[in-house]
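A look at the structure
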2 protein chains.
Amino acid sequence: MANLLIIGAGGVGSVVAHKCAQAAKYEQAFSHITLASRTRAKCDAIAQSVKKRLDADLSTAQVDADNVPELCALLRDLKPDLVCNVALPYQDLHIMDACLECGVHYVDTANYEPLDTAKFEYKWQWAYGERFREAGLTALLGSGFDPGVTNVYAAWALKHQLDEVQVLDIIDCNAGDHGQPFATNFNPEINIREVTARGRYWERGEWVETDPLSWSMTYDFPDGIGPKKCYLMYHEELESLVRNLKGIRRARFWMTFSDNYLNHLKVLGNVGMTRIDPVKFQGQDIVPIQFLAKLLPDPASLGPLTKGKTCIGDVLRGVKGGKEKTVYIYNICDHEACYAEVGSQAISYTTGVPAMIGAKMVASGLWRKPGVWNMEQMDPDPFMEDLNRYGLPWQCVEVR
Amino acid sequence: MANLLIIGAGGVGSVVAHKCAQAAKYEQAFSHITLASRTRAKCDAIAQSVKKRLDADLSTAQVDADNVPELCALLRDLKPDLVCNVALPYQDLHIMDACLECGVHYVDTANYEPLDTAKFEYKWQWAYGERFREAGLTALLGSGFDPGVTNVYAAWALKHQLDEVQVLDIIDCNAGDHGQPFATNFNPEINIREVTARGRYWERGEWVETDPLSWSMTYDFPDGIGPKKCYLMYHEELESLVRNLKGIRRARFWMTFSDNYLNHLKVLGNVGMTRIDPVKFQGQDIVPIQFLAKLLPDPASLGPLTKGKTCIGDVLRGVKGGKEKTVYIYNICDHEACYAEVGSQAISYTTGVPAMIGAKMVASGLWRKPGVWNMEQMDPDPFMEDLNRYGLPWQCVEVR
């Protein structure tokens, strides 16, 4: 039984809090749960929702995740065994520093991104490996859906379905509809920056770059979703997977976007509204994409409006018993069902549930080993079992 | 021979200055020309261009057209017979006040629009009729292309082609291409506000409103331009024409827009970037459409880039000798030819040339009569002759 501190009270933090409270209530996975963020009122609102839905208590606290001494003071006060970090990517290293200093295990969902470069890479966090190892602490990186579940799917396929994975295609489909002409499902600035970035994929030992959204395919998704256009993008789990999946020759990440979404993005790009450099206006520096974010609907407001499903999965082509074999492992998640269960739609739900399971894996000791780890470096089986138990059931089908 | 003061040194002001200098040089239409604006450097740059192209001299001056005492001081100093106002629509009344106070005739191209309402109407300027009449001064309103030439076309048709005009369709086609993904041909704020406004047309004694851009037709333009989609809009000349054209039953204004232009406008509207109400951002009031204008290409930068033609004209249906008759009167203007002649493309050219001709009509005495007048209230013949002489030749064809 572990004492857990969750840092971050956004959409994902709310799902993590609800699901950890479920795991504490039904499996005694956690002895105590505290939810902390810069704005304590947000934590209190989530704690009330947990109370109402599960009749379970969460503690709340205020903390500035950019401030290591403040984080350490909180850790010394609460004495958690484990921090589940669902704050902003900019804050990962500060929270890891505090965990090292105070002897606390660490789990997050998205890799570190320096505030000023918009460039995400694992190198900064991997560089903590030695220190976590020496401290006897576990740091589990990227325990969301993608990265996270998509990595575990690959590890599971390699354990049970294939002797070797040669080609990996991760395909992220959001077939939901929020009914707004244009809105982003999470922080618009991060969302738009991700989508307008150059694509990158792994091909026989090297990264190949593509122009933004220049390569697409149509994939026919299961469960009535049907064919959707998917665009090649770079996504962070590729970095660790091409390192850890023996024999991998090609690894790509694809995401669906509607024509309407891309049209809006293109126009906003054409007129300069997605620029991340400041423009002088009325004597002030205004960053166009930040001003745009101010005008767009608050992603949190989309929860009650979103209908439809998400389908995220891995297509893995490899060899089994000397023969070529391809499997597709995927989850279908329903926006309205998620909202009914925890008050958030599927985008937050599919990230928050795996964050809880990752925390549970470390808390239980099943995934505890000193060092800094990506998800595919752990035994996938208990994680895969919990996905079925906690709302993200998966299917594995052979593709012929 | 009249002493002329031009106020306004934007794209139209530059064309007016060049064309007035031509009229002074080749016909002695003006004895002296001064160009004034808030920024004297802009006037000086235009004067240099006039000097280079025509070897003619313009005087320049600095004036704040919102400041009536400052305007009067300039008028007393320069003693012009006539002001040609091509400043901003917000400034019309200030300049009319100064003209009344100093005994100077007045010509403009666009009707007064209060700064805070975005609502253009002639009522404010028509209310000056009594005072101009008593002062023995002529005020000529809306001497651009549309309003302006479109009004004169109607008056000319009524004088020479038709006994009565029943249906008037003014059709403004810009078939030019500036090669930019999105840009507006004049002040983007005014442009976007105009296009996103509700439509309005005159039908048997009353105004009928339409949703913005909700009514379109395809018109097959002459001179190789071919069929283009035109959208019904409200345009200011309709207000005076339905008052002054005896027997008019229906009056509409149409403008061409490309699908690309409208798509950009729709997206910008969807995300709130065309809003004219302030949004709090970084502690400041930011008006989205003004910030957008800051990001878009400067309309002046489009001059050297624009290729293709404009075609603006009136389709007039009425009766001649008891029989139904329809005529189409139009001008074709070439963006590159305009740029070669005066350094501005056709949008500024088609407004600036009629402003010069209006000034010339008043200066020569041909259109001088005390009061405030719209273009169709004057004898169209000398104006129509000058259109052919000064770069805006017209055709009149019978439509069967």
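Conventions and cut-offs
Residues numbered from 1 in each chain as written. Chains lettered and ligands numbered in written order. Predicted model: local features only at pLDDT ≥ 70, side-chain atom pairs only at ≥ 80, totals over all residues. Heavy atoms only, no water. Least-squares fit on C-alpha atoms with pLDDT ≥ 70 in both. Contact = heavy atoms within 4.5 Å. Core = buried A, V, L, I, M, F, W, Y, C linked by side-chain atoms within 4.5 Å. Buried < 20%, exposed > 50% of the residue type's maximum accessible area, 1.4 Å probe, protein only. Domains from an automatic or database assignment. Buried area = accessible area lost by both parts, 1.4 Å probe. Salt bridge = Lys/Arg side-chain N within 4 Å of Asp/Glu carboxyl O. Polar contact = N/O pair within 3.5 Å; in protein donor to acceptor, adjacent residues only side chain to side chain. Helix = DSSP H or I, 4+ residues; strand = E, 2+ residues; numbered from the N terminus. Nonpolar A, V, L, I, M, F, W, Y, C, P; charged D, E, K, R; others polar. Pairing = 2+ DSSP bridges. Axes fitted to C-alpha atoms, helices over the stretch in contact; angles between N-to-C directions.

**Examining the relation of the copies chain B and chain A**
Expressed as a screw transformation, the operator carrying chain B onto chain A has a rotation angle of 180 degrees and an axial translation of 0.1 Å, and the superposed copies differ by an RMSD of 0.1 Å. Both chain copies can therefore be described as sitting about a two-fold axis. Of the residues that chain B buries at the interface, 100% are likewise interface residues in chain A, meaning the two copies contact each other through the same surface.

**Some words on the nonpolar core**
Core analysis: the largest hydrophobic core is formed by 196 residues, its most contacted members being I6, F30 and F291 of chain A together with I6, F30 and F291 of chain B. Excluding anything up to four places from it in sequence, I6 of chain A contacts V16, A17, C20, I33, T34, L35, A36, C84 and V86 of chain A.

**With respect to the domain arrangement of chain A**
Accessible area lost during the coming together of the parts is what is often quoted as the interface size. Residues and elements named next belong to chain A. Parsing chain A into structural domains produces domain 1 (2-144 + 353-381) and domain 2 (149-343). The C-alpha-based centres of domain 1 and domain 2 are spaced at 24 Å. Between domain 1 and domain 2 the total buried area reaches about 2,100 Å² when both faces are included, carbon and sulfur atoms providing 53% of it. If you look at where domain 1 meets domain 2, you find 3 salt bridges. The closest approach of N and O atoms between K159 and D381, which form a salt bridge, is 2.7 Å. Linking domain 1 with domain 2 are 13 residue pairs in polar contact (both at pLDDT 80 or more), by the criterion used here. Those elements giving two or more residues to the side of domain 1 that touches domain 2 turn out to be α1 (11-27), α5 (123-126) and α14 (380-389). The element that contributes the greatest number of residues to the side of domain 1 that touches domain 2 is α1, accounting for 5 residues. Among the residues making up the side of domain 1 that touches domain 2, the classes are represented as 11 nonpolar, 8 polar and 8 charged.

**Quick notes on the sheet that holds strand β5 (residues 105-108) of chain B**
All names here are of chain B. Strand order in the open sheet made by the 7 strands is β3-β2-β1-β4-β5-β6-β17, with parallel pairing throughout. Every interior strand has two partners, whereas the edge strands, β3 (59-62) and β17 (371-374), have only one. Here the average twist between neighbouring strands, direction ignored, is 20 degrees. Note that strand β4 (residues 82-85) and β5 share 4 bridges and pair parallel. Bridged to V83 within β5 is Y106. Packed on one face of the sheet, helix α2 (residues 40-54) meets β2 (30-37) and β3 and runs near 170 degrees to β3.

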